[in-house]
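Examining the three-dimensional arrangement
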Amino acid sequence: MDRITAKFGGTSLADAAHFRRVREILAGNLARRFVVVSAPGKRSGQDAKITDLLYDCHQAARAGGDVASAFAPVEVRFREILAGLNLNLDLSEEFRATQWAMERGAGQAFCVSRGEYFSGRIMAALLGLPFIDPAQCVFFDEHGQFDGEAAQRTLQEKLQGLPGAVMPGFYGGMPDGAVATFARGGSDISGAILARASGSAVYENWTDVSGVLAADPRVVENPAPIGCMTYTEVRELAYLGATVLHEDAIYPAKVAGIPIHICNTMAPGDGGTWIIARQDGPAGDITGLAGRRGYSAIQVEKERSNTEVGYCRKILSCLEKNGVPFEHLATGIGSVSLVAPTPLLDRHRQSLLADIQAAVHPDSLQILDNLAMIAVVGRGMAGRPQVAARLFSAVGEAGVNVRLIDQGTKELNIVLGVDEADYQRATNAIYNRFFAGKRKED
């Protein structure tokens, strides 16, 4: 029987009833032997995520505050889950040890990882499966970077002979034994890591939506779900705002050729979204679109700069010196525009401008703020003239001025820069042009 790794997000584990639902889903397919869990999420709109409560615990400890009071609601939540499941599992000693460590200055990574840790301990007991602590097998190097190959070797060894296992997501271990974490949403990465190490045929990512949507539902009303897409397409969409799957979760699955299936814990019968290596057949128009506000464009103009060897290198060196990453680069004869997240740029705005001025002596140098970037993604669509024509006619007819265009050479995406005030209007215009009549409820 093929193995399946199933990862469940925080909304899927909010309380005891959700834990039981997860058990039912796992029992529905005995191939689901390997499980990755997040920390319990919100039970209602007014509730708090366990991870946020644990951040509060760390802040209380740093400020010399009352850690016991901060940790109390965390312990209460887990005790309620245990009571609701009627589990014979006593975590009292571990709760006390966690609070003790926090009071004595435990690092932030350790503090916030305890949500996943306790969630994993409970799920392992509920399923009767071995518990694997990622602090002992998901390794980060001395610089805090994930060491994928070391994790692969160690996890494979630990999984030998096991009928299955439960592993918390989000965290791992440093060379000195300290806990390290991925970015928020990093349990997706943990799921892909365990899927690869276990030799799973499928990596199921269970969340609160029925797959990846063709647009952000906060911007477009009831966008249609995407039935199937490639690793590359979902990574492009995740990078610029699609939040169903962490972008870094793609790589471990892609390396092993493991299909990813995005599923809905509340509606397990829905088709969800399959993410695979390639799709046969002709390329379609577009797969989906994603976007994000909060960008700025550094605009540098200089006559005959196209004949100046090393001109762009000098500008990029200024960004490197100031620690400012850029996400998009558009050039013309005599002009260079680099797009960066505004919060990262703001920390070094004046020094960066001074360094560029000294390095290339431009005729004009300015920063254009309040930009939003919209990525339109699809297999081969950038090489199809009618797609670009429909795209730009849609935003033009909506009265939106395009400030910047970045077209990828892989014919996978076209990125538009628009004023933040036009972001929602532009996104809806593009969606309506390419997905006319397609909505989630259809």
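All of these numbers come straight from a predicted model, not from anything done at the bench. (Residues numbered from 1 in each chain as written. Predicted model: local features only at pLDDT ≥ 70, side-chain atom pairs only at ≥ 80, totals over all residues. Heavy atoms only, no water.)

Observations concerning helix α3 (residues 67-85)
With 19 residues, α3 should reach 27 Å at 1.5 Å per residue; the first-to-last C-alpha distance of 28 Å fits that figure. The sharpest bend along α3 comes to roughly 25°, located at Pro73. Buried residues of α3: Val67, Ala70, Phe71, Val74, Arg77, Phe78, Ile81, Leu82 and Leu85, and no others. The secondary structure elements touched by the buried residues of α3 are α1 (16-27), α2 (50-62), α4 (92-103) and α5 (108-127). Just beyond α3, the residue with positive phi is Asn86, at close to 55°. (Helix = DSSP H or I, 4+ residues; strand = E, 2+ residues; numbered from the N terminus. Expected span 1.5 Å × (residues − 1). Bend = angle between axes of the 7 residues up to and from the residue. Buried < 20%, exposed > 50% of the residue type's maximum accessible area, 1.4 Å probe, protein only. Contact = heavy atoms within 4.5 Å.)

A word on a nonpolar patch on the surface
Taken together, the side chains of Leu316, Phe326 and Leu329 define a hydrophobic patch exposed on the protein surface, amounting to about 210 Å² of accessible area. As for its position among the elements, Phe326 is in the loop between α10 (311-322) and β11 (328-332). (Patch = residues over 30% accessible without salt bridge, like charges linked within 9 Å, V, L, I, M, F, W, Y side chains within 5 Å. Areas by Shrake-Rupley, 256 points an atom, 1.4 Å probe, with all protein chains shown as cover. Salt bridge = Lys/Arg side-chain N within 4 Å of Asp/Glu carboxyl O.)

Concerning the packing of α4 against α5
In a packed pair of helices, the relevant descriptors are the angle between the two axes and the axis-to-axis distance. It is the contact of α4 with α5, at a shortest axis distance of 11 Å, that shows an interaxial angle of 170°. Here α4 lies roughly antiparallel to α5, going by the angle between them. In this structure, α4 contributes Glu94, Phe95, Thr98, Ala101 and Met102 to the contact, and α5 contributes Phe110, Cys111, Arg114, Tyr117, Phe118 and Arg121. Of the residues in the contact of α4 with α5, the class split is 7 nonpolar, 1 polar and 3 charged. (Axes fitted to C-alpha atoms, helices over the stretch in contact; angles between N-to-C directions. Parallel < 35°, antiparallel > 145°, perpendicular 65-115°, else oblique. Nonpolar A, V, L, I, M, F, W, Y, C, P; charged D, E, K, R; others polar.)

Description of the environment of Glu301
Looking at where Glu301 falls in the secondary structure, it is placed in strand β10 (residues 288-301). With near-sequence residues (within four places) excluded, Glu301 lies in contact with Tyr311, Gly334, Ser335, Pro362, Asp363 and Ser364.

Considering the sheet that holds strand β15 (residues 413-419)
What the 6 strands build is an open sheet, ordered β11-β12-β10-β13-β15-β14; its pairing is antiparallel. This sheet does not close on itself; its edge strands, each paired only once, are β11 and β14 (402-407). Going from strand to strand, the sheet's axes swing by 30° on average, the running direction of each strand aside. In this structure, β10 lies alongside strand β12 (residues 335-341), joined through 7 bridges in antiparallel fashion. The residue of β12 that forms the bridge with Ser296 is Ala340. Lying on the sheet, α10 is in contact with β10 and β12; it crosses β12 at an angle near 25°. (Pairing = 2+ DSSP bridges.)

Quick look at the pairing of β10
Among the 14 residues that make up β10, 10 are buried, leaving the element largely enclosed by the rest of the structure. In this sheet, strand β13 (residues 364-377) lies alongside β10 in antiparallel orientation, the contact comprising 12 bridges. Bridge pairing in β13 places Val300 opposite Leu365.

Re the sheet that holds strand β6 (residues 202-207)
Strand order in the open sheet formed by 7 strands is β3-β2-β1-β6-β8-β9-β7, with mixed pairing between adjacent strands. Two strands in the sheet have a free side with no partner beyond their single neighbour: β3 (165-168) and β7 (228-230). Pairs of neighbouring strands in the sheet enclose a mean axial angle of 20°, with direction left out of account. Pairing geometry for strand β2 (residues 32-37) and β3, over 4 bridges, is parallel. Bridge pairing in β3 places Val37 opposite Pro168. Packing of helix α7 (residues 187-198) onto the sheet brings it into contact with β1 (4-8), β2, β3 and β6, and relative to β2 it is tilted by some 155°.

Let's talk about the nonpolar core
If you look at the biggest cluster of nonpolar residues, it comprises 72 residues, and the most contacted ones within it are Leu155, Ile260, Ile275, Leu289, Ile430 and Tyr431. With 8 residues, the single largest contributor to this core is β13. Not counting residues up to four positions away in its chain, the partners in contact with Leu155 are Ile132, Cys137, Val138, Met167, Ile193, Leu194 and Ala197. Core analysis: the second largest hydrophobic core is formed by 45 residues, Val37, Ala39, Leu54 and Ala106 among them. (Core = buried A, V, L, I, M, F, W, Y, C linked by side-chain atoms within 4.5 Å.)

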